[in-house]
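Reading the structure
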Amino acid sequence: FQAFIFLETTTDFMLSVGPWVNNCVGWGNQKFFILFLFWGSVMCLFAALSLAPYIFMHFQDLLHGQLKDIQLLIGFLLYSLFGICLMLFAAMHFHLSCSNLTTIEQFAKNSLKRRRKVYDNIYDLGDKKENFTQVFGTSPLFWFIPIFTTPGDGLCWPTNDSFISNV
């Protein structure tokens, strides 16, 4: 019965984001999606920091109402805001990968919690590093490079033996 609720909420969620996402983030592309968020946020924050000296040079002019370089301020604010939002989104996905969850599974877990039902993740191997390597691979050298290093075949995954033995 719990599996049915999980599938029901997952299907509802997938139907609600399907037209906009156009593809589900899963085994074959989760690492690339997380790296896209991470490196996108790094680039936005780098651009904001590059504009920061010009903003501080013209700060007195901005206070006195002289808006000759308003595009620098707008660029700085947009890069900062977008970079921070992407960094928070990337941090959430790094956290999910350390629990061996996808966003759909996290959504189902939260939905079951609201219904006061238990969600047991049999794919959570218990160790954050083990879970992380299930997404990013075993070699730390390649963790932040967008090359395919995800172990497995996408059909069978290691499971938590302690959970299996308790069932």
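Residues numbered from 1 in each chain as written. Predicted model: local features only at pLDDT ≥ 70, side-chain atom pairs only at ≥ 80, totals over all residues. Heavy atoms only, no water.

**Re the nonpolar core**
Core analysis: the largest hydrophobic core is formed by twelve residues, namely I34, L35, L37, F38, C44, L86, A90, F94, F132, V135, F136 and W143. Those residues within four positions of W143 in sequence are excluded, and the remaining contacts are K31, L35, K129, F132, T133, F136, G137 and T138. (Core = buried A, V, L, I, M, F, W, Y, C linked by side-chain atoms within 4.5 Å. Buried < 20%, exposed > 50% of the residue type's maximum accessible area, 1.4 Å probe, protein only. Contact = heavy atoms within 4.5 Å.)

**Quick notes on the side chain of N160**
Mapping N160 onto the fold places it in the loop between α6 (128-136) and α7 (161-166). Engagement of the side chain of N160 in a polar contact is seen with the backbone oxygen of D124, the distance being 2.9 Å. Those residues within four positions of N160 in sequence are excluded, and the remaining contacts are I122, D124, L125 and G126. (Helix = DSSP H or I, 4+ residues; strand = E, 2+ residues; numbered from the N terminus. Polar contact = N/O pair within 3.5 Å; in protein donor to acceptor, adjacent residues only side chain to side chain.)

**A word on helix α2 (residues 30-57)**
If you check α2, its first and last C-alpha atoms are 42 Å apart, about what 28 residues at 1.5 Å a residue would give, namely 40 Å. Maximal helix bending in α2 amounts to about 35°, located at L51; proline P53 follows within four positions. (Expected span 1.5 Å × (residues − 1). Bend = angle between axes of the 7 residues up to and from the residue.)

**Quick notes on the environment of S97**
When you line up the elements, S97 lands in helix α4 (residues 70-98). The class for S97 is buried, based on a relative accessible area of 0%. Spatially, the C-alpha atoms of S97 and D124 are 9.6 Å apart, while their sequence positions differ by 27 residues. For S97, the residues in contact, after removing those within four places along its chain, are I34, N131, F132, V135 and F136. Among the polar contacts made by the side chain of S97, one reaches the main-chain carbonyl oxygen of F94 at a distance of 2.7 Å.

**Observations regarding the state of the cysteines**
Two cysteines, two sulfur atoms, one covalent bond between them: this is a disulfide. In the structure shown here, the tally under the stated rule is zero disulfides. Between C44, a cysteine without a disulfide, and C85, which holds the nearest cysteine sulfur, the sulfur-to-sulfur distance is 9.8 Å. For C44, a relative accessible area of 11% translates into the label buried. With relative accessibility at 43%, the residue C85 sits in the partly exposed group. (Disulfide = S-S within 2.5 Å.)

**As for the side chain of T150**
Looking at the element boundaries, T150 is found in the loop between α6 and α7. A polar contact of 2.8 Å, which involves the side chain of T150, links it to the backbone oxygen of V135. Apart from residues no more than four positions distant in its own chain, T150 is found in contact with W27, K31, Q134 and V135.

**Notes on the packing of aromatic side chains**
The tally for this structure, following the rule as stated, stands at nine aromatic pairs. The interplanar angle of 80° and the centroid separation of 6.1 Å between the aromatic rings of F38 and F94 together place this pair among those described as edge-to-face. Remark: F94 occurs in helix α4 and F38 occurs in helix α2; sequence separation between them is 56 residues. Pair check on accessibility: F38 and F94 agree, each one buried. Centre to centre, the rings of F94 and F132 are 6.2 Å apart; their planes meet at 25°, and the pair counts as stacked. Of this pair, F94 sits in helix α4 while F132 sits in helix α6, and the two are 38 residues apart along the sequence. Pair check on accessibility: F94 and F132 agree, each one buried. Among the aromatic side chains, those forming a connected cluster through ring pairs are F38, W39, F94, F132, F136, W143 and F144. (Phe/Tyr/Trp six-rings, centres within 6.5 Å; stacked < 30°, edge-to-face > 60°.)

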